Amino acid sequence: MFSTISGAKLLVLSACLFSSVIRATSFGNSSSPFIPGKYLVEFQDSTTVSLTENFVSVQDN
Amino acid sequence: MCYQTSHSFFSTLADNYISATPLINLDYSLFKGASFSLGSGTDEKTTLQKILSLPSVKSVHPLRAYSLPETSGYITSEYRPLSTSTNLKSLDTFPDTFSPHVMTGVDKLRAEGFLGDGIKIAIVDTGIDYNHPALGGCFGDGCKIAFGTDLVGDKYTGENTPVPSDDPMDCVGHGTHVAGIIAADSTAPEFTGVAPNVTLGIYRVFGCIGSTSDDVLIQAYMMAYEAGADIITASIGGNSGWSEEPWAVVVSRIVEAGVPCTVAVGNDGGTGVFVASAAATGNGVTAVASVDNVLTPLLVKNATWSANNSTAQTFGWIPYTPADIANGTYLLYDILNGSNDTSLPCNDNFTLPDISGKIAIIPYDTYCTDGSGMVAKVTDANGKYIMWYSARAGQISPINGTGYGIDSFGMVTTDLATQWTEAMAAGSQVSVNMITPIYESFSVQNTINNVTGGYLSYFSSWGPTFEVDVKPQFAAPGGSILSTYPLALGGYMVDTGTSMATPFVAGSIALLIEARGKSDPATINNILSASADPKAFNDGESTYSYLAPVAQQGGGLLNVYNAAHAVGVLNVSSISFNDTANFVKSAWFEITNTGSESVTYAISYSSSGTVYTLPSDGNPVPSTFSVGSPPEIVTSSAQLSLSPDTLTIGVGESASIQVMASLPTDLTTSRIPVYSGYIILNGTNDESLSLPYMGVASSLKDAVVFDSVDGMTYLSRYLNVSAIPDGFAFTLPPQNSTEEEKEQYDFPVPVSLDSFGTRVLRVDLVPAISNSMVNTTQVLGVDIVGSIVNFPVYEQGRGSWHAFWYGQLSDGTFAPPGDYYLLFRALKIFGDEDSADDYESVKSVSFSLTYASSSATNASA
C-alpha cells in the first residue's frame, strides 16, 4: 500500500526499535550503531577545560 | 608535556609497527585526537591495547553512526515552489504574524528591533542551498551564509571515507529547512526566520544519503567553535540516554567554554521514557523538544468548486503522485453516497457505478482494506481521479500512487469534503474546476490545529537520562513548520520534528543575546527555562487537566520575549532529585534581581503528571506512546517544602531558596515512576517564573535490562530466527570466508531486547563443561574463553539488537571447536563496572561449535 497513515508510521518506528535487525557487521540498533573497525582516539592533555574523564577505554578481558 | 598531534601519533604507530589507517585529524583546542581504521584481518584487541598503552593516548572509543532524527507520526513533508503573488512582506517583518513566532513571543521581541544583528550561528547539518534567495543567494564573506565548509562530499554515507570540499551545497533539504527557520528573510513568502539578521555558518556532515559519524561531528563542532560561532546547532542524534558518548562530551566542552549548543532531543516519543538522543544528552547541552504549531500550513494548489452552478468558491488541494488531471470541470462522486459509515466499502459486495470522468471523494483515514483495494474499486468503476479527505490533510507523508491505474491523486480537508458530501446528499451536483498542477504555483493555506496545536508533539523524545539528568531543557515549535528548501527540490517545504524546534531555539538565543547581552550558556538556559510556559499534557487526541511531565517538555514552551525581559534570574535551569538510591534530600537554588526596583516573590509549586515508565502488567519493557494511548500518567506526585515561601529581593541582590521533596507513598515503585513539576515564583512586578524539577520514585539500579521472563535475550541461529534448542550444533564458516560465503552458514546470532540502557554490555563465550581443556580467563567471576568480537560495548540505550557471530573473539582469534554457552551481562544503572554483583546476566542454552573446511566453502560457493 502506498499511502502512509501517521499513526501506523509511528507503530512501525516503535516496532523497529524493538524488533528490527542489526546490520550484519555491526553491533546495535538500540543505540547509534558502531562502525566496525573504526575508532576515535583522544590524546592526553587534549583540553584545558575541566571536565570529568568521560571516555570509556577499551577494556581488557 | 608536549601536545601530541595526529601527525606525531600516526608516526608513533608506524614506529611501533602498529597498522592503522588515518581517517580524520582532530588537532583542536578542545579536542586533540584522531580517527583511524583497522584492516579487516587485524587483531583489533591487541592493536587497541598497544595503542592504549602509548603514553600520549588518553582513550580509544569505537566510532558510532548518527542519523538525522527521523520524523515520526504527523509527518508533513510537502515541498513546493510558492506563488510569488502571496503576501510579500517588508522589513523582516513588522508586524510578525508567523504563528511559531507568535506562540513564543518572538514577534514581540522583534517588534522591539531585535533581529539577531551581529550574532553568528553555526549549523551542523546536510548543507544549505545558499543560492536560495531567502537565504541570501550566496556563500562566503558578506553573505548571510558566510562561513563553514563541506566536510564529507556528496557520496559520503557515514561508513566510507569523507571527501571534503569547499562547497556546502545541500542535496537533502534538511539543512536548508533548518537554515530558513533561523534566518530566512522577507524574500520568503508567508514567513521569515526567527532572527533574519544573524550570520550563518554551515558545516556539512552528511552526504546525499546515509548517516554521519562521531569523528565528522566532532570535527564540525570544533571548526565551528574555532570560527567564532556564538551559537552552534545540530538537529542530529541517536537514541542514547547517556551523557558520555564522545560527540556529546565534545559538545559539552564547547558549552563549558562559553558557546551555547542546541541539539534535538529526538523523535522517539513513541518509545516512552528514557530515550533522549545524544548529543542532546550532554552535560550543559540545550536539548530541545517539539511543540505542534497552532496553525498547520498546507502548501496547496488552488481550484474552484460550485454546487449546481452556484458562485464558484476557491479551495486548496494537495496534489500527490501522479496528479495528471487536465484543465476543466469535473463532477465529484461521494464514494460513501451520503453515509457516515466509512466501513461500507469494506463489504465484499461493495461496488460503484460507472464514475468515468468524475473525481471520487474518499475518506483517507478510515477504511478496512488497504488503500490499493480501495483504489481498485475506483478503477473497476472506470474512475481515474481520487480526492482523499482527512482532518490531517497536510500532515500526511507524500503519497506515490504510480502504477495503480489512477491519473490523479489529491487531498483536501475533511471540512471541505463535508461541505461537498452534504451538498451532494441534498441532491446537488458538485463540480470542481481544476487546473493542471504543473501550470500553477503553490500557495499556503493555514488550518487551525485545535487538537494538538500549542502542546508537546507526541513524537518528541522523552528524557531523563539514565542517571536522571533533566532532558529536554524546554520546547519550541517543531510540528508543521514552513521553511525554505533547496531550489532544486521546490524551494519551500512544511516539515515536522525536533529538527525544526532546535534551530528555532538557536535563533531565539540569538535574539536573547542581542537583547540582554552575552551570557554564559548555563545562564541562557536558566533564563529560557524559567520564562518558558509549561503546557498541559496532550496525547495527540486529547488535552489533560495536568501539566505534561518534565521528562517530555522540560521547562515548557519557550517565551523569548519574557526571557529577554526577565528580572529574576535563577542560577539553575532545573532540579533533579535523582532516584531513591541517590535521592537529593535538600536542593538549593538562587534568584537574583536584575531589575531596577525591589521585587517580592511568592514561591509555590505545581506538580505535573507522574509518568510510569513500565506498564501495569509486570512487563519490564517500558510503555510506548501512540496517539491517544500514552504511557500511564497519574497525578500522585512528590510534595515539596519550600523555604522561604516568600522573599523580597533588593536591586542587584540575590537570595537562596531551599527545596526538599517528600516522595509519594501510593506509587508502584516497581514501575519506575518519574515524578516532576514546577516551582513557581510570582513576583510583585507581575513576573512569573517556573523552575522544573524531576525525580524517579524508585531505585534505577533495580531496573531490568534483560527481559528474561519473556525470554527476550537468547541465542538464535541465522537461518531460523528463534531460540535454538539446548545442544544445537553449529558449523561455522571457515575463518577466511568472504561475507558472501559466511551467509551460506547457519551461524549463531545472539539476540536481545534491552528494556533499559546499560553502560557496559558484554557477550562472553563460556565453556559448557567446567573442566574443559580450553584456555579461559576469569572476568567478573566467570571463566570465559573471551568476549565475542565487537564486545563489550558501552553506553547502550533501550531497544533491540543482535549480532552475527562467525566464531571470532574480541582479541581477533577464533574460538576453538567445543561446547559452550553465551553469557549476556549488562551493568545495572549506577552499577560499579568492576563488581560482578552489579551485572544482570542471562545464560544462553549450550551449543557445540565446529568450523567447515575451506574446501566445503569452495564447493558450496
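Just so it is clear, the model here is predicted, and its values are computed rather than measured. Counting from 1, residues in each chain are numbered in the order their sequence is written. Written order decides the labels, with chains lettered from A and ligands numbered from 1. In keeping with the model being predicted, local features are shown solely for residues with a pLDDT of at least 70 and side-chain atom pairs are shown and tallied solely at 80 or more, while totals for entire chains, interfaces and linings include all residues. Note: side-chain values were computed over all heavy atoms of the structure, leaving out hydrogens and water.

**Student:** What is the right way to read the overall build of chain A from this model?
**Tutor:** Helix and strand content of chain A: 1 helix and 1 strand. Taken over 61 residues, chain A has a buried fraction of 52%. Note that accessible areas follow from Shrake-Rupley with a 1.4 Å probe, and for residues the cover is restricted to the protein chains shown. Accessible area for chain A stands at about 2500 Å²; split by element, carbon and sulfur atoms hold 55% of it. Segments assigned H or I by DSSP are reported as helices when at least four residues long, segments assigned E as strands when at least two residues long, and all are numbered from the N terminus. Using a 1.4 Å probe on the protein chains alone, a residue whose accessible area is under 20% of its type maximum counts as buried, one over 50% counts as exposed, and one in between counts as partly exposed.

**Student:** Which parts of the structure should I look at to understand the overall build of chain B?
**Tutor:** Broken down by element type, chain B carries 15 helices and 50 strands. Note on method: radius of gyration uses C-alpha positions; expected globular size equals 2.2 Å times residues raised to 0.38. The C-alpha radius of gyration computed for chain B amounts to 29 Å, which stays within 12% of the reference 29 Å derived for 861 residues, consistent with globular compactness. With respect to the principal axes defined by its C-alpha atoms, chain B has extents near 95 × 80 × 60 Å. Split into buried and exposed, the 861 residues of chain B put 62% on the buried side.

**Student:** Please explain the packing of helix α6 (residues 214–226) of chain B against helix α7 (residues 246–256) of chain B as it appears in this structure.
**Tutor:** A pair of packed helices is characterised by two quantities: the angle between their axes and the separation of those axes. Residues and elements named next belong to chain B. For the pair α6 and α7, interaxial distance at closest approach is 9 Å and the crossing angle is 10°. Comparing the axis directions of α6 and α7 gives the class roughly parallel. Residues Asp 214, Leu 217, Ile 218, Tyr 221, Met 222 and Tyr 225 of α6 lie in contact with α7, whose contacting residues are Pro 246, Trp 247, Val 250, Val 251 and Ile 254. In this classification, the charged set is Asp, Glu, Lys and Arg, the nonpolar set is Ala, Val, Leu, Ile, Met, Phe, Trp, Tyr, Cys and Pro, and all remaining amino acids, among them Gly, are polar. Broken down by class, the residue content of the contact of α6 with α7 amounts to 10 nonpolar, no polar and 1 charged. Axes, fitted as lines to C-alpha atoms, cover a helix only where it is in contact. Angles between the N-to-C directions of the axes lie from 0 to 180 degrees. Orientation labels follow simple angle bins: below 35 degrees gives roughly parallel, above 145 gives roughly antiparallel, 65 to 115 gives roughly perpendicular, and whatever is left gives oblique. Residue contacts are defined here by distance: any two heavy atoms, one from each residue, within 4.5 Å place the two residues in contact.

**Student:** Sorry if this is basic, but what is going on with the sheet that holds strand β33 (residues 639–643) of chain B here?
**Tutor:** By way of backbone hydrogen bonds, the strands of a sheet pair with one another, either parallel or antiparallel. Residues and elements named next belong to chain B. We treat two strands as partners when DSSP finds at least two bridges between them. Judged by pairing direction, the sheet is antiparallel, and its 4 strands sit side by side in the order β27-β29-β35-β33 without closing on themselves. Both edges of this open sheet fall to β27 (568–570) and β33, since each of them pairs with a single strand only. Averaged over neighbouring strand pairs, the angle between their axes works out to 30° when direction is ignored. Examined bridge by bridge, β27 and strand β29 (residues 587–593) share 3 bridges and lie antiparallel to one another. Across the sheet, residue Gly 568 finds its bridge partner in β29, namely Asn 593.

**Student:** Help me understand the confidence of the model for chain B in this model?
**Tutor:** Low-pLDDT stretches of the model should not have their predicted coordinates read in fine detail. Residues and elements named next belong to chain B. The pLDDT value expresses, per residue, how confident the predictor is, ranging between 0 and 100. In this model, chain B carries a mean pLDDT of 90, and residues with pLDDT of at least 70 account for 93%. With pLDDT under 50 throughout, residues 71–79 is counted as low confidence; its partners more than four residues away or in other chains account for 55 contacts. Low pLDDT, under 50, characterises residues 84–93; the predicted model gives this stretch 22 contacts beyond four residues in sequence or across chains. Quick note on the complex model: pTM equals 0.88, ipTM equals 0.83.

**Student:** Looking at this structure, I do not really get the confidence of the model for chain A. What am I missing?
**Tutor:** Residues and elements named next belong to chain A. Chain-level statistics for chain A give a pLDDT mean of 41 and a share of 20% at 70 or above. Between residues 1–30, whose pLDDT stays under 50, and residues either more than four places distant or in other chains, the model counts 100 contacts. Overall, residues 46–61 carries pLDDT values under 50, and its contacts beyond four positions in sequence, including any with other chains, amount to 55 contacts.

**Student:** I tried to follow the state of the cysteines on my own but got confused; where do I start?
**Tutor:** Covalently bonding the sulfur atom of one cysteine to the sulfur atom of another cysteine gives a disulfide. Residue and element names in this part refer to chain B. We call a pair of cysteine sulfur atoms a disulfide whenever their separation is within 2.5 Å. Under the counting rule described, the total for this entry stands at 2 disulfides over all chains. Here Cys 138 pairs with Cys 143 through a disulfide, and the sulfurs are 2.1 Å apart. Residues Cys 138 and Cys 143 are joined by a disulfide whose S-S torsion is about -125°; by sign, that bridge is left-handed. Under the relative-accessibility criterion, Cys 138 is labelled partly exposed at 26%. Given the relative accessible area of 12%, Cys 143 is considered buried.

**Student:** Just checking my understanding: could you explain helix α5 (residues 174–183) of chain B for this structure?
**Tutor:** An α-helical segment advances 3.6 residues per turn. Residues three or four places apart therefore align on the same side. Residues and elements named next belong to chain B. Counting buried positions along α5 gives 10 out of 10 residues, so the element sits mostly inside the fold. Looking at α5, one finds that the buried residues are His 174, Gly 175, Thr 176, His 177, Val 178, Ala 179, Gly 180, Ile 181, Ile 182 and Ala 183. Where α5 is buried, its residues contact β5 (120–125), β7 (199–204), β9 (231–234), β23 (481–484), β24 (492–495) and α10 (498–516).

**Student:** What is the right way to read the environment of Ala564(B) from this model?
**Tutor:** Residues and elements named next belong to chain B. Mapping Ala 564 onto the fold places it in helix α13 (residues 560–564). As for Ala 564 and Arg 717, which are separated by 153 residues in sequence, their C-alpha atoms are 60 Å apart. Setting aside residues no more than four positions away along its own chain, Ala 564 makes contact with Leu 109, Leu 512, Ala 515 and Arg 516.

**Student:** Would you explain unusual backbone geometry in this entry?
**Tutor:** Backbone phi values are negative for most residues with the exception of glycine, while trans is the configuration of most peptide bonds. Residues and elements named next belong to chain B. That bond from Gly 463 to Pro 464 is cis: its omega, -5°, falls within 30 degrees of zero. Position of Pro 464 relative to the elements: it lies in the loop between β21 (443–448) and β22 (474–479). In this structure, the amide linkage connecting Lys 471 to the following residue, Pro 472, adopts the cis form with an omega of -5°. Summarising the element assignment, Pro 472 is placed in the loop between β21 and β22.

**Student:** How do you make sense of the nonpolar core when you look at a structure like this?
**Tutor:** Note on soluble globular proteins: their nonpolar side chains tend to be buried together. All names here are of chain B. To qualify as a nonpolar core, a set must consist of buried Ala, Val, Leu, Ile, Met, Phe, Trp, Tyr and Cys residues joined through side-chain atoms within 4.5 Å. Phe 274, Phe 756, Leu 765 and Phe 847 are the most contacted members of the largest nonpolar core, which has 64 residues in total. Looking at which element gives the most residues to this core, the answer is strand β48 (residues 818–827), with 4 residues. Other than its neighbours up to four places away in sequence, Phe 847 contacts Leu 715, Ile 724, Gly 727, Phe 728, Phe 730, Leu 765, Trp 805, Gly 818, Asp 819, Tyr 820, Tyr 821 and Leu 822. The next biggest cluster of nonpolar side chains, apart from the first, holds 53 residues, and it includes Ile 218, Tyr 221, Ile 254 and Ala 475.

**Student:** Is there a simple way to explain the sheet that holds strand β38 (residues 713–717) of chain B in this structure?
**Tutor:** Residues and elements named next belong to chain B. With antiparallel pairing, the 4 strands of this open sheet are ordered in space as β39-β38-β41-β47. Of all strands in the sheet, those with a lone pairing partner are β39 (720–723) and β47 (799–802), marking the two edges. Taken pair by pair, the neighbouring strands of this sheet meet at an average axis angle of 25°, ignoring direction. One ladder, built from 4 bridges, connects strand β41 (residues 748–754) with β47; its direction is antiparallel. Considered in β47, the bridge of Asp 754 is made with Gly 799.

**Student:** For this particular structure, what's the right way to read empty space enclosed by the protein?
**Tutor:** The rolling of a water-molecule-sized probe over the atoms marks out the regions of remaining empty space. Buriedness for pockets is judged along seven lines, at least five of which must meet protein on both sides within 12 Å for an open set on the 1 Å grid over protein atoms alone, while cavities are sets there where a 1.4 Å probe fits but cannot get out, and lining residues have an atom within 4 Å of a point. Grid points are joined across faces, edges and corners, and a volume is the space filled by probe spheres set on the points. Inspection of the entire model under this criterion finds 6 cavities of 30 Å³ or more. Around the second largest cavity sit 13 residues that line it, and Lys38(A), Tyr156(B), Asn160(B), Ser213(B) and Asp215(B) are the ones nearest its centre. Residues that form the lining of the second largest cavity fall into these classes: 7 nonpolar, 3 polar and 3 charged.

**Student:** I keep staring at the packing of aromatic side chains and nothing clicks. Help me out?
**Tutor:** Any pair of aromatic rings gets described here by the distance separating the centres and the angle formed by the planes. Residues and elements named next belong to chain B. Pairing of aromatic rings covers Phe, Tyr and Trp, the last through its six-membered ring, and needs centres within 6.5 Å; plane angles under 30 degrees mean stacked, over 60 mean edge-to-face, and all others mean tilted. For the structure shown, the criterion picks out 39 aromatic pairs over all chains. On the basis of an interplanar angle of 65° and a centroid distance of 6.3 Å, the ring pair of Phe 147 and Tyr 203 is categorised as edge-to-face. Taken together, the residues span a long stretch of sequence, with Phe 147 in strand β6 (residues 145–150) and Tyr 203 in strand β7 at a distance of 56 residues. An identical accessibility class is assigned to Phe 147 and Tyr 203; each is buried.

**Student:** Please clarify how the pattern of salt bridges should be interpreted in this entry.
**Tutor:** As a working rule, side chains carrying opposite charge can pair if their charged atoms are close by. Residues and elements named next belong to chain B. Salt bridges are counted wherever a side-chain nitrogen of Lys or Arg sits within 4 Å of a carboxyl oxygen of Asp or Glu. Considering all chains together, one arrives at 15 salt bridges over all chains under this definition. One salt bridge connects Arg 671 with Glu 632, and the closest N-O pair in it is separated by 2.7 Å. In this pair, Arg 671 is assigned in the loop between β35 (654–662) and β36 (673–683) and Glu 632 in the loop between β31 (610–612) and β32 (633–634), connecting sequence segments 39 residues apart. Classification of Arg 671 by relative accessible area gives buried; the value is 10%. Through salt bridges that share partners, Glu 244, Glu 467, Arg 759 and Glu 795 make up one connected network.

**Student:** I would appreciate a short explanation of the environment of Val793(B) in the present structure.
**Tutor:** Mapped onto the elements, Val793(B) comes out in strand β46 (residues 793–796). It is 35 Å that separates the C-alpha atoms of Val793(B) and Leu663(B), two residues lying 130 residues apart in sequence.

**Student:** Would you take a moment to explain the pairing of strand β2 (residues 32–37) of chain B for this structure?
**Tutor:** Strand residues, when the strand is regular, have side chains that alternate between the two faces of the sheet. Of all 6 residues in β2(B), 6 are buried; the element is thus mostly enclosed. Across the two faces of β2(B) the burial is the same, with Lys32(B), Ala34(B) and Phe36(B) and Gly33(B), Ser35(B) and Ser37(B) all buried. Here strand β1 (residues 34–43) of chain A runs beside β2(B); their pairing, made up of 5 bridges, is antiparallel. Bridged to Glu42(A) within β2(B) is Gly33(B). Two strands pair when backbone bridges link them, and strand β1 (residues 21–27) of chain B and β2(B) are joined in this way by 6 bridges, in the antiparallel orientation.

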